[in-house]
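# Coordinate analysis (summary)
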Amino acid sequence: MIAPAPEKGRPPGRYGSVERHPLMARRHPARENPQSPPPADVPAGAPGIGRRRFLGYVLAAPTLTVAAQAGAEALAPATAEAAEAVIPSLPGPAELLDLNDLLTTAALPTSHLVTIRVDADGTAHFALPRAEVGQGVTTSSAMLIAEELDLPLEKVRVTLADARPELLFNQLTGGSNTTVSTYTPIRVAAAVARGRLLHAASLVLGEAVSTLTTKAGTVLSPAGAVLGYGELAARAAAVTDTAVAVTLKKRADFRVIGTPRRRQDALDAVTGRKKFAMDLRVEGALPTMVCRPPTINGTVRSVANLAAVRAMPGVTDVVTVSTGVAVRARTFGQCVDAVRALDVDWGPGTAEDATDATVLAELRRAELPLVVPPLPLLTKAVDARFTFHFASNAALETNCAIADVRPDSAEIWASLKAPIVAQEQIALRLGLPVTAVKVHVTEGGGSFGRKLFHDAAHEAAEISRKLGKPVKLMWHRTDDFRQGRTHPMSTSRVRATYALGEVLTYEQRHTSVATDFGHGIGEVLTAEAARLPVADLTFSEAMFQLTQISPYHLGVTTQLLAETDKGYNTGSMRNIYSPNVRTAQELVLDELARRMGEDAYALRRRLVKEPRARAVLDKVAQLGRWGRPMAPGTAQGIAVHPEYHSYVAVLAEIDCRPATTGRTVPNAYTGPRVTKVVCAVDAGLAVNPRGLEAQMMGGVSDGIALVLTSGLHLKDGAFLESSWDNYFYTRQWNTPPELEIVVMPPTGDTPGGAGELAVAAAMAAVACAYGRATGTMPTVFPVNHTTPLPFTPSPTVPPIPASPTDGRDGIL
C-alpha cells in the first residue's frame, strides 16, 4: 500500500536535488549527497550508492511493508554518430531536458512513499499512485514487483491509490511518464522486501543469508527447507523504520521484465467484470445527467418548465448548475427523457458565432514571422502552411463521476489522472478543508489526456452539494463531443532553405488555439502557472519546447509556438503538439527530397541525428520493402519520431484509387485506405513488450484517423459532430490489413516513454503516403474536412438524442 511518511524515523536525505535524478545523470556526473548518512548496514567508507545499488526502508507495520528512495545514476544515452555531409543542428531544449525528465524529477522527493506490503497469504499488495486507463500500467508495475521479489506474477495485486496530498507531484499520470518515473522506486521497494524475507528466513532456519535463495514466493535453503513468503511476512516486519541498502538485479538476470505478458485485467475486461466508475454502487447515488447549452460553454438564463420536468416519471430532482441544468432520476433513461424535455433559455457561450473559417483567420493573424528570407540567387526554399482542425478528445468511456457531498465532508469516485489537484480544487469549491474531501481513483475506459481534467468530478460535487444527495453523474456521448475536451485547431507555417543538396535552415511557426494546462501537469505548480495572467503564453511555449524534438540535422533550426483564443475546452490530447508538428516537418522533408532529387528514405537516413532513430528507420524500410514498385494511386510514406528517450519509425502504404475511395459501407465514411503499416519502436527497455505493441497499435489507429477522417466541424459556436457514428475514427474497414509491430532489442537498462509515441510517426507517415499517392502534398487535416459533410448533424436543442428503443438503432 501507499503509506504516509512517518513523523519519526523519516527517511533521511535531501529530496528533489537535480543531481540525484536518474535521467538528469545522463547530463551530469553522479555526485554523492553529503547530507544523507549511510544506512546502518553499509560500512563506513563504503562506496556510494551506485548504478544498481539503492537505499530502501522497512517501515514500522504489523506485516512486512517496504519503501524506496531513488537516487541512482541512470544509464547514459548512446552518443550520436557524427552525421556526414550535413549541416548540423544545435540540440533543442527537449534534447537536454524534456517534459518526461521534468515529471520524473518532480516525483523523486516522495519516492520513499512508494511502498509494497506482503501479507500472510504470500501476496504482495501495491497501491499505484497513477491512473490505469487502459494503457496497462497495473500489469507492468506488477511485473516490476514480481521480478525483484521473485514472486509469481499472479501473486501481485496492484490497485489504484486514492488521492494522497503527501505524494506532492508523485500522483500524476501524463507525458508517457508512469513506467519511467516508477521503474526504479518500485523495484527498490520489492528488493528491500526480498532482502527482509531472506533475513527472517535465516533467523528461522539458523542459516546464513548468503546461503539462502528465493524462488516463486518461497525461500529455499541448501538443506532443502522451504519457507513461504506468507509465513515469513510477520517475522520480516519492523518495529521501527529501518534504512537498508539493496542491489537490484542485472538486466541479464531478468525473468519477468522484458518478457511479453498478457494484461492481468484482460479476462475481466472481456467478460464485463472490470469495474469502472459507473459500475460502482454507492448508497443513495442515483443516475444524474446535465442538460447542456447549444453552444460551447453557454449559460443558463432561465428554465420555463422546471415543475413539469420534476413531475416526470422517475425524476427526483432538477437544479440549475454552472454548466447547465442537472437532472437526477431512478434510471439514466429517465434522465435522458427529462433532459430532452427541459425548456431552457440559454445565454451566449465563449465561442459564440465562431466557425472553422473565423478560427483559421485568427490563427493566421497570430502567426509569428519567419526570419530567414528567401534568397533566390543563393538558396532555394520550400514554403508550406498546414491547417489542423479541432479533434475530439472523447474516450470510449464517457465523462463520469460519483459524488456524495455532506455539510462537512465529500467523497468522490472517478477516473482521475491528477487526483491531488482534483481533491484540492473540489475542496476549494466546496469550502471544505482538503482533509475532508476523499477522492477514490477508479479505473478508466480510455483517456489519451482526457482524464487529466476532473470536470466531471467537479460537476458531480457541485450537483451533490446543491441537492444534498449522492449522485452518479454520466455525460452523454453527445456531451463529450460538443462540450468536452478537444485537441485545439492549429496551423504550422514552415520554411526550409537548401542549396547544393544540403538543408541550410528550417523554421516552423506553430500557431494554436490555446491548450488548457490547468489540469495538473506538475500538479499544483502547473495548475497555478497556467492561470497567471502574464505567464500563460510563456508557460505554453515552455511546454512546447519541452516536448518538441527534431530528429534531423536541418541546419539552423527554430520551432516556435504562438497561441490564441481561450474560449474553447481544449486539452493535451495524446502527444500534445507532436502529431501536427511532426507531420508538417515530415511532409516538408518529402518535398525537399523531391526537389533535391533524393530518395525520401535516403534523405532521412542521411539527416537523422541519433543511431537509435536510424535503426528504427532502417528496420521499417527493410521490413516494408521501401521503394518497391507500387500501382498508380498507391504509395508508401515513411517517418521517424523521437520522444521521451524513445524512438519510433513507421512505414505506411495507402490506396487512393477511385475503387477504394468510392467504397460503400452503410452509415460510414470510407475514403482512402491505409493497406499496410510497419512500426518499429525502441523504448529503451520495454518492461512488457506485449503491452508496448498494443500501445503502438493504438497510436497507429490514432494517426490514421487524424490524417484521413477524424476532425470536428465548428459552426456558429458549436461542433457539428455528436458521437462516434459521425466522428469518423479509424474503423474496421479503414484499418490496415497488414500491420507489423517490431519491438527493438533493449538499448538501455531503463524504459523510455511510450504511451503517446506512435501517434506522431503514424500520422506523418500516412500523410506522406497520401501526398505521394495523389501527387499533391496535403495541407489540411483531416483530408476529408473540406468535403461536403457526409452526415446530417443532430440538433443542438434538445442537446442529446432520444434513447434507443430496440437496442440496435442507437447512438454508437
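As the structure is a computational prediction, the values presented were derived from the model and not from experiment.

## Here we look at the overall build of the protein
The secondary structure content of the protein amounts to 20 helices and 31 strands. Each of the 812 residues in the protein was classed as buried or not, and the buried ones make up 61%. Sequence-distant contacts, at least 24 apart, represent 79% of the contacts inside the protein between residues at least 6 apart.

## Let's talk about the confidence of the model for the protein
Counting all residues, the mean pLDDT for the protein is 88, and 88% of those residues have values of 70 or more. Here residues 1-49 is modelled with pLDDT under 50, and outside its nearest four sequence neighbours on either side it reaches 98 contacts, counting other chains as well.

## So, the packing of aromatic side chains
For the structure on display, the rule yields 11 aromatic pairs. Taking the centre distance of 6.2 Å and the plane angle of 80° together, the rings of Trp724 and Tyr729 count as edge-to-face. Accessibility expressed as a relative area gives 16% for Trp724, which makes it buried. With a centroid separation of 6.2 Å and 70° between ring planes, the pair formed by Phe728 and Phe791 is classed as edge-to-face. Within this pair, whereas Phe728 is found in the loop between β29 (718-719) and β30 (738-743), its partner Phe791 is found in the segment after β31 (780-781), the two being separated by 63 residues in sequence. Each member of the pair, Phe728 together with Phe791, is buried. Arg450 extends its terminal NZ or CZ atom over the ring of Trp475, reaching a point 5.6 Å from the ring centre. Above the plane of the ring of Phe453 lies Arg485, whose end atom (NZ or CZ) is 3.6 Å from the centre.

## Quick notes on the sheet that holds strand β17 (residues 400-406)
Strands belonging to one sheet form pairs held by backbone hydrogen bonds; the direction of such a pair is parallel or antiparallel. Taking strand neighbours across the sheet as the criterion, the seven strands line up as β12-β13-β10-β20-β17-β18-β19 in an open arrangement whose pairing is mixed. The open sheet has two edge strands with one neighbour each: β12 (315-321) and β19 (437-441). The average angle at which neighbouring strand axes cross in this sheet is 20°, direction not considered. In this sheet, strand β20 (residues 471-474) lies alongside β17 in antiparallel orientation, the contact comprising four bridges. Bridged to Ala403 within β20 is Val471. Along the sheet, helix α8 (residues 332-341) makes contact with β10 (286-291), β12, β13 (324-329) and β20, crossing β10 at roughly 25°. Of the strands in this sheet, β10, β12, β13, β17, β18 (409-414) and β20 are in contact with helix α11 (residues 455-467), which crosses β17 at around 35°.

## Notes on the pattern of salt bridges
Tallying each qualifying case throughout the model produces 38 salt bridges. Notably, a salt bridge pairs Lys609 with Glu95, separated by 3.0 Å at the nearest N-O pair. Note that Lys609 is positioned in the loop between α16 (600-607) and α17 (611-623) and Glu95 in helix α1 (residues 93-96), a separation of 514 residues in sequence. A residue is classified by how much of its surface remains accessible, and Lys609, at 8% relative accessible area, is buried. Across the pair Arg485 and Asp455 runs a salt bridge, and its minimum N-O distance is 3.5 Å. Here Asp455 lies in helix α11 and Arg485 lies in the loop between α12 (477-483) and β21 (486-487), a separation of 30 residues in the sequence. The same class applies to Arg485 as to Asp455, namely buried.

## Section: a nonpolar patch on the surface
Together, Leu375, Leu377 and Leu378 line one region of the surface with nonpolar side chains, adding up to about 380 Å² of accessible area. Looking at the element boundaries, Leu375 is found in the loop between α9 (356-366) and β15 (380-388).

## Quick look at the packing of helix α4 (residues 178-205) against helix α5 (residues 229-236)
For the pair α4 and α5, the least separation of the axes is 9 Å and the interaxial angle reads 90°. Here α4 is positioned roughly perpendicular relative to α5, judged by the angle of their axes. Of the residues in α5, those touching α4 at Arg194, Arg196, Leu197, Ala200, Ala201 and Val204 are Tyr229, Leu232, Ala233, Arg235 and Ala236. A breakdown of the residues in the contact of α4 with α5 according to their chemical character gives eight nonpolar, no polar and three charged.

## Things to note about the pairing of strand β22 (residues 490-499)
Burial runs high along β22: 10 of the 10 residues are buried. The side-chain alternation of β22 yields two buried faces, one formed by Ser490, Ser492, Val494, Ala496 and Tyr498 and the other by Thr491, Arg493, Arg495, Thr497 and Ala499. As paired elements, β15 and β22 share nine bridges and run antiparallel to each other. Note that in β22 the partner of Phe386 across the bridge is Ser492. Hairpin remark: β22 followed by strand β23 (residues 502-513), antiparallel, with two residues in the connecting loop; positive phi at Leu500, about 55°.

## Overview of the nonpolar core
Counting residues in hydrophobic clusters, the biggest one holds 95 residues, and the most contacted among them are Leu592 and Met696. Top contributing element to this core by residue count: helix α20 (residues 757-774), with 14 residues. Excluding residues that lie within four positions of it along the chain, Met696 makes contacts with Val648, Cys679, Val681, Ile741, Ala754, Leu757 and Ala758. Counting 52 residues, the second largest nonpolar core, distinct from the first, contains Val188, Leu212, Ala233 and Leu248.

## Regarding the side chain of Gln483
With respect to the helices, strands and loops of the structure, Gln483 is situated in helix α12. Separated by 2.9 Å, the side chain of Gln483 and the backbone oxygen of Thr295 make a polar contact. Beyond its immediate chain neighbours, meaning those up to four positions away, Gln483 contacts Arg292, Pro293, Thr295, Ile296, Asn297, Trp475, Thr478 and Asn569.

## Quick look at the sheet that holds strand β24 (residues 556-564)
Sheet architecture is open: five strands sit in the order β24-β23-β22-β15-β31, paired in mixed fashion. Unpaired on one side and paired on the other, β24 and β31 mark the two borders of the sheet. Pairing of β22 with β23 involves 10 bridges; the strand directions are antiparallel. Bridge assignment links Thr497 to a residue of β23, and that residue is Thr505. Helix-sheet contacts for helix α15 (residues 578-596) involve β15, β22, β23, β24 and β31, and the interaxial angle to β15 is about 150°.

## Some thoughts on α5
An α-helical segment advances 3.6 residues per turn. Residues three or four places apart therefore align on the same side. Of the residues making up α5, those classed as buried are Tyr229, Gly230, Leu232, Ala233 and Ala236. Taken down its axis, α5 places every buried residue within 160° of arc, on the same side. In α5, the exposed positions that point more than 90 degrees away from the buried face belong to Glu231, Ala234 and Arg235.

## A closer look at the side chain of Arg614
Looking at the secondary structure, you find Arg614 in helix α17. For Arg614, a relative accessible area of 11% translates into the label buried. One polar contact links the side chain of Arg614 to the main-chain carbonyl oxygen of Arg605, over a distance of 3.4 Å.

Conventions adopted
Residues numbered from 1 in each chain as written. Predicted model: local features only at pLDDT ≥ 70, side-chain atom pairs only at ≥ 80, totals over all residues. Heavy atoms only, no water. Helix = DSSP H or I, 4+ residues; strand = E, 2+ residues; numbered from the N terminus. Buried < 20%, exposed > 50% of the residue type's maximum accessible area, 1.4 Å probe, protein only. Contact = heavy atoms within 4.5 Å. pLDDT = per-residue confidence, 0-100. Phe/Tyr/Trp six-rings, centres within 6.5 Å; stacked < 30°, edge-to-face > 60°. Lys NZ or Arg CZ within 6 Å of the ring centre and 35° of its normal. Pairing = 2+ DSSP bridges. Axes fitted to C-alpha atoms, helices over the stretch in contact; angles between N-to-C directions. Salt bridge = Lys/Arg side-chain N within 4 Å of Asp/Glu carboxyl O. Patch = residues over 30% accessible without salt bridge, like charges linked within 9 Å, V, L, I, M, F, W, Y side chains within 5 Å. Areas by Shrake-Rupley, 256 points an atom, 1.4 Å probe, with all protein chains shown as cover. Parallel < 35°, antiparallel > 145°, perpendicular 65-115°, else oblique. Nonpolar A, V, L, I, M, F, W, Y, C, P; charged D, E, K, R; others polar. Core = buried A, V, L, I, M, F, W, Y, C linked by side-chain atoms within 4.5 Å. Polar contact = N/O pair within 3.5 Å; in protein donor to acceptor, adjacent residues only side chain to side chain. Arc of directions from axis to C-beta.

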